[in-house]
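Summary of the model geometry
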Amino acid sequence: MPSAEHRRKAQKRRRFLHATGRPPKLDTTEASRHVRWLHDEHGMSMESIARKAGVNASSVSRFYNAEDGGGGYRAVVEKVLRVRPEPPPNVYQAAHVCIVGSQRRVQALFYIGFNGRVLADELGFNGHISNLWRLLEPHRKVLSAVRRESIAQGFEKLQDADPADFGISNNLQSRSVGLAKAKRWAPPHCWDVDTIDDPKAIPEWTGVCGTPQGRYIHERDGVLPVCAPCWTADKARRDETGQSRYRKPEFSPAKLQALLDSREWSAAEVGRRMGGDIKHTRESVYRWLNGERKPAPRSLDRLASALGVMPEDLEVE
Ligand SMILES: [Zn+2]
């Protein structure tokens, strides 16, 4: 699954940075200013800035939204600073590109209550609703680069907007939401800038969709219906284990010990890195190690990030 692969990569990178203890970061004030200039003054979308820079769109939007300088990787900062404003329409913009991300953007906007009339205006269809519907036909594979760009720009503007501000009544909003749900379309928050254009990516409803834990989280948190990749993963789990119910994995003192050993950290050291009251945290770490207690979910998150791993890495397989 691409999402699991993505998490593994992020995890590997965090481990590497913790192991080396010197993340190669630069101040990002200038990169933030540059991205805002490209976006606000030249109308480039995050996606198109990222494509031109050859970096993840999430990095670009992080720069865009950064309040202060913060840190960014040297290579990423430098690539972003090299991006020049998009030239006027040319052959490239007329080229046909994959339609998947554009369809997902339109579908996601329906899910939060936008309707065809407003989307046909805001996404660059000059009000031609029939063209908007045609874009959503399942057999369509490509669209023009210029249209993809106008949809991406409109999506960035509308994904956090209120359809009521565009004159869409509650009644019409419910109709759009109903349509989107019936068609199993996914809302904007199920995608991120790195997955929405990846044809192999699946919408992320639970944070662990497509894994054996997914169905459990869907049902526990009432994120229904359970998505197709989660059903598939749950069936595979049942076939493999013969157990009808998913059991949440338990915290593993042995794994915590192994992670501390590999870093040559004491309980006090990881306690210090977790922050908070040092004496208290250190005592907790001792109790987790000797199996006297299990970390509460929030402590488990803090422990995992202090170690540069995912919480799952601290659970029994
Ligand atoms: Zn799911």
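Cut-offs and rules
- Residues numbered from 1 in each chain as written.
- Predicted model: local features only at pLDDT ≥ 70, side-chain atom pairs only at ≥ 80, totals over all residues.
- Heavy atoms only, no water.
- Donors = N, O, S within 2.8 Å, 3.2 Å for Na, K, Ca; no water.
- Tetrahedral: all angles 85-135°; square planar, octahedral: opposite > 155°, others 65-115°.
- Buried < 20%, exposed > 50% of the residue type's maximum accessible area, 1.4 Å probe, protein only.
- Helix = DSSP H or I, 4+ residues; strand = E, 2+ residues; numbered from the N terminus.
- Phe/Tyr/Trp six-rings, centres within 6.5 Å; stacked < 30°, edge-to-face > 60°.
- Core = buried A, V, L, I, M, F, W, Y, C linked by side-chain atoms within 4.5 Å.
- Contact = heavy atoms within 4.5 Å.
- Polar contact = N/O pair within 3.5 Å; in protein donor to acceptor, adjacent residues only side chain to side chain.
- Axes fitted to C-alpha atoms, helices over the stretch in contact; angles between N-to-C directions.
- Parallel < 35°, antiparallel > 145°, perpendicular 65-115°, else oblique.
- Expected span 1.5 Å × (residues − 1).
- Arc of directions from axis to C-beta.

**Points about the coordination of the zinc ion**
- The protein atoms donating to the zinc ion are Cys209 (SG), His218 (NE2), Cys227 (SG) and Cys230 (SG), with metal-donor distances spanning 2.1 to 2.3 Å.
- The site at the zinc ion holds 4 donor atoms, and with the angles between them running 104 to 113°, its shape is tetrahedral.
- The class of His218 is buried, set by a relative accessible area of 0%.

**Let's talk about unusual backbone geometry**
- Geometrically, the link from Leu224 to Pro225 is a cis peptide bond, its omega value of 0° lying close to zero.
- Backbone geometry places Arg184, a non-glycine residue, at a positive phi of 60°.
- For Arg184, the location among the structural elements is in the loop between helix H11 (170-182) and helix H12 (214-221).
- One non-glycine residue with positive phi stands out, namely Glu264, at about 55°.
- Note that Glu264 resides in the loop between helix H14 (253-263) and helix H15 (267-274).

**Some words on the packing of aromatic side chains**
- Scanning the entire structure with this criterion turns up 5 aromatic pairs.
- Centre to centre, the rings of Tyr216 and Tyr246 are 5.3 Å apart; their planes meet at 45°, and the pair counts as tilted. Of this pair, Tyr216 sits in helix H12 while Tyr246 is found in the loop between helix H13 (228-241) and H14, placing the two residues 30 residues apart along the sequence.
- The class of Tyr246 is buried, set by a relative accessible area of 16%.
- Grouping aromatic residues by their ring pairs yields a cluster made of Phe110, Trp133 and Trp185.

**A look at the nonpolar core**
- Among the nonpolar cores identified, the biggest contains 29 residues, and Val106, Phe110, Leu119, Leu123 and Leu135 are the most heavily contacted of them.
- Of all the secondary structure elements, the ones that give two or more residues to this core are helix H7 (100-111), helix H8 (116-122), helix H9 (129-135) and helix H10 (145-158).
- Among all residues touching Val106, those that are not within four sequence positions of it are Leu119, Leu123, Leu132, Leu135, Leu136 and Ile151.
- If you look at the next biggest cluster of nonpolar residues, it comprises 17 residues, including Phe251, Val285, Trp288 and Leu307.

**Overview of the side chain of Asp234**
- Structurally, the position occupied by Asp234 is in helix H13.
- You can call Asp234 buried: its relative accessible area is 2%.
- Within the structure, the side chain of Asp234 is placed 2.7 Å from the side chain of Arg215, a separation counted as a polar contact.

**Points about the environment of Asp239**
- Along the chain, the position of Asp239 falls in helix H13.
- Look at Asp239 and you get exposed, because its relative accessible area is 55%.
- A polar side-chain atom of Asp239 sits 2.8 Å from a polar atom in the side chain of Lys235.

**Some details on the packing of H7 against H11**
- The N-to-C vectors of H7 and H11 enclose an angle of 130°; their axes lie 7 Å apart at closest approach. Between H7 and H11, the crossing angle belongs to the class labelled oblique. From H7, Gln107, Phe110 and Tyr111 reach across to H11, where they touch Ser176, Val177, Leu179, Ala180 and Lys181.

**Quick look at the environment of Ala306**
- Relative to the helices and strands, Ala306 resides in helix H17 (residues 297-307).
- For Ala306, a relative accessible area of 6% translates into the label buried.

**Some details on helix H16 (residues 278-289)**
- An ideal rise of 1.5 Å per residue puts 16 Å on 12 residues; H16 measures up with 16 Å between its terminal C-alpha atoms.
- Within H16, the full set of buried residues consists of Thr281, Ser284, Val285 and Trp288. Each buried residue of H16 sits inside an arc of 100° when the element is viewed along its axis, so together they form one side.
- Residue Gly291 follows H16 closely and has a positive phi angle near 80°.

**Here's the deal with the environment of Gly271**
- Topologically, Gly271 is positioned in helix H15.
- Those residues in contact with Gly271 that sit more than four places away from it in its chain are Thr281 and Val285.

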